[in-house]
Amino acid sequence: MIFEKFLSLLPPELDGALVMSEENRRYFTSFPSSDGALLISRNGTVFLTDSRYVEAAQKKITVCPVRLSKNLSTELPQLMSEFKINNLAVETTRLTVAQFEDFTKWMPDTGICTENYADRAIDALRMVKSDEEVALVCEAQAIAERAFDHILGFIKPGVTERDIQLELDYYMLRNGAEALSFETIAVSGVNSSMPHGVPSDKKVESGEFITMDYGAVVGGYHSDMTRTVAVGSVSAEQKKIYNTVLEAQLASMEKMAPGVSCFDADKAARDVITEAGYGEFFGHGTGHGVGVEIHEQPRVSPHAKKDELLAPGHLVTAEPGIYLPGLFGVRIEDMVLITETGSRELTHSPKELIIL
C-alpha cells in the first residue's frame, strides 16, 4: 500500500507526516481539492477537508477515512494524541513560514521535523510511475497530439500567436482534457527566441518558425510536448538549426536507459549542440519529470549530480533547444518512459521539419 511505502522511507523516529500541498494530496488520494490535510502515520491515516468537499471526498477516497474539518487548530492536536504522534514530518519545501508557525503553536507537544524527509520520500515515490499513472499521461498526450494535428490546418500567415494559443487550448478542453498542463506557449518569428515567451497579438508571417509548447491534463496527470513548425519557407540557417536540435534530441533519447545519469542524458544533447557551434544558445536543461505536476523529479540537467540515475518507471521529457536572440528559436520536446531494458517514447507526433 502506498502509505506503507511512504512510511518505510521515513526515519523510524518520525511517527508520521502531514501533507498539505494540493498536488501531493491528490497523488496519494486521487482526489482534487483546494482544501485539505492528509495525515499519514504509523498508527493510522486520515484525510481532512471542509464542507465544500467532504461529501465528494467520502465517495471518491478509498485509501483512508475522510473526516469533516472545521478547525485545524484544534483537530490537529487531537489527531496527534489519537495516533500517538510525537514527531511529525512536514513538506518543508512547500510549507509557508506562516503555516509552520501555526503548526508549532497548535501542536506545542509535537516535534515538527524541519528536515525534508517527507519531501524526499514523496519525490522517490512519485518518480516511479505505475502502469495506471503512465496510462493517464498517455491519454493526456493523445489529446495534445490530436490538437497538434488540428492546429497544422489552422496556422497560416495573418493568424496571431494568441489565436494559435486559444485554438490549441479550446481544442484540448473540448476534446477530453480536464485542464491545461500550463499556460500554452505559442510564439513566432523573433518571439520564438524566448524559450518561455508569452503569446501576443503578433501576426504570423511567411518564413517564420512557430514554437508551440503545451499539454493536457487527464486524471490529474500532465502531458508535455513542443513542436516547432515553419510557415512558407525556411532559410539555410533555420534548417541547419532545426536539424541540429532534432539530432540533439534523438541523441539524448537514445542515451536514456536505466542506470544512466541524468547528467549524461543531458550531456548527450548538449554535446551535439555545442559541437555545432550553438552551445551558448542552449541555456536550460534537456528535460524533467512529468506527472501530477508539469515539472517534477528527476531533472535531466547539466546541474544533476552524477549519482542521480534514471530508473524504470521514470517519465521524463527530452526538449533541447537553440535560441538566437532577436532572430528565432527551435525546441522539440517528447516524453520518454524509462523501462527495464531501455526506454519507450510516449510522443508520436511527427518531428521532422514541417513547412506549412
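Here is a short report on the structure shown in this document.

Thresholds applied
Residues numbered from 1 in each chain as written. Predicted model: local features only at pLDDT ≥ 70, side-chain atom pairs only at ≥ 80, totals over all residues. Heavy atoms only, no water. Helix = DSSP H or I, 4+ residues; strand = E, 2+ residues; numbered from the N terminus. Rg over C-alpha atoms; globule rule 2.2 N^0.38 Å. Buried < 20%, exposed > 50% of the residue type's maximum accessible area, 1.4 Å probe, protein only. Contact = heavy atoms within 4.5 Å. Lys, Arg positive; Asp, Glu negative; His and termini not counted. Charge placed at Lys NZ, Arg CZ, Asp CG, Glu CD. Salt bridge = Lys/Arg side-chain N within 4 Å of Asp/Glu carboxyl O. Polar contact = N/O pair within 3.5 Å; in protein donor to acceptor, adjacent residues only side chain to side chain. Core = buried A, V, L, I, M, F, W, Y, C linked by side-chain atoms within 4.5 Å. Pairing = 2+ DSSP bridges. Axes fitted to C-alpha atoms, helices over the stretch in contact; angles between N-to-C directions. Arc of directions from axis to C-beta.

1. A look at the overall build of the protein chain
Link 1 in the chain: Counting its secondary structure elements, the protein chain contains ten helices and 19 strands.
Link 2 in the chain: Since a compact globule built from 356 residues should have a radius of gyration of about 21 Å, the 23 Å found for the protein chain is in line with a globular shape.
Link 3 in the chain: Summarising its shape, the C-alpha atoms of the protein chain cover approximately 70 × 40 × 35 Å along the three principal directions.
Link 4 in the chain: Looking at the protein chain as a whole, 53% of its 356 residues qualify as buried.
Link 5 in the chain: In the protein chain, the proportion of contacts linking residues at least 24 apart, taken out of those at least 6 apart, comes to 66%.
Link 6 in the chain: With 33 positive and 52 negative side-chain charges, the protein chain shows a separation of 2 Å between the mean positions of the two kinds.

2. What to know about the side chain of aspartate 224
Link 1 in the chain: Residue position: aspartate 224 is located in the loop between strand 11 (221-222) and strand 12 (225-230).
Link 2 in the chain: Salt bridges are absent for the buried aspartate 224, whose nearest opposite-charge side chain, arginine 331, sits at 7.3 Å.
Link 3 in the chain: Polar side-chain contacts of aspartate 224 include one of 3.2 Å to the side chain of histidine 288.

3. Some remarks on the nonpolar core
One recurring pattern in soluble globular proteins is that nonpolar side chains are buried together.
Link 1 in the chain: The biggest cluster of nonpolar side chains holds 35 residues, and the ones touching the most others in it are Phe6, Phe28, Leu38, Ile40, Phe47, Ile61 and Leu315.
Link 2 in the chain: Secondary-structure elements contributing two or more residues to this core are helix 1 (2-8), strand 1 (16-19), helix 2 (22-29), strand 2 (37-41), helix 3 (54-60), helix 6 (117-127), helix 7 (131-152) and strand 18 (334-338).
Link 3 in the chain: Per-element tally for this core: the top contributor is helix 6, with four residues.
Link 4 in the chain: For phenylalanine 6, the residues in contact, after removing those within four places along its chain, are Ala17, Phe28, Ile40, Ala118, Ala121, Ile122 and Leu125.
Link 5 in the chain: Membership of the second largest hydrophobic core comes to 24 residues, among which are Ala147, Ile151, Ala177 and Ile210.

4. Thoughts on the environment of methionine 80
Link 1 in the chain: Along the chain, methionine 80 turns up in helix 4 (residues 72-82).
Link 2 in the chain: A residue is classified by how much of its surface remains accessible, and methionine 80, at 5% relative accessible area, is buried.
Link 3 in the chain: Along the backbone, methionine 80 and proline 298 are 218 residues apart, and their C-alpha atoms lie at a distance of 33 Å.
Link 4 in the chain: The contact partners of methionine 80, leaving out residues within four places of it in the chain, are Leu39, Ile85, Leu88, Met107 and Thr110.

5. Description of the sheet that holds strand 9 (residues 209-214)
Link 1 in the chain: If you walk across this open sheet you meet the three strands as 8-9-12, and the pairing is antiparallel. Every other strand in the sheet has two partners, leaving strand 8 (185-188) and strand 12 as the edge strands with one partner each. This sheet shows a mean twist of 10° between the axes of neighbouring strands, independent of strand direction.
Link 2 in the chain: Alignment of strand 9 against strand 12, held across six bridges, turns out to be antiparallel. Paired with methionine 212 across the two strands is arginine 227, which belongs to strand 12.

6. Re the side chain of threonine 45
Link 1 in the chain: On the secondary structure map, threonine 45 appears in strand 3 (residues 44-49).
Link 2 in the chain: Under the relative-accessibility criterion, threonine 45 is labelled buried at 13%.
Link 3 in the chain: Contacts of threonine 45, omitting those with residues within four sequence positions, involve Phe3, Leu38, Leu39, Ile40, Cys64, Pro65 and Phe83.

7. Observations concerning helix 4
Link 1 in the chain: Burial in helix 4 covers these residues: Glu75, Leu76, Leu79 and Met80. When helix 4 is viewed along its axis, its buried side chains cluster within an angular range of 140° and face the same direction. Across from the buried face of helix 4, at angles greater than 90 degrees, the exposed residues are Gln78 and Ser81.
Link 2 in the chain: The first or second residue beyond helix 4 is lysine 84, which carries a positive phi of 55°.

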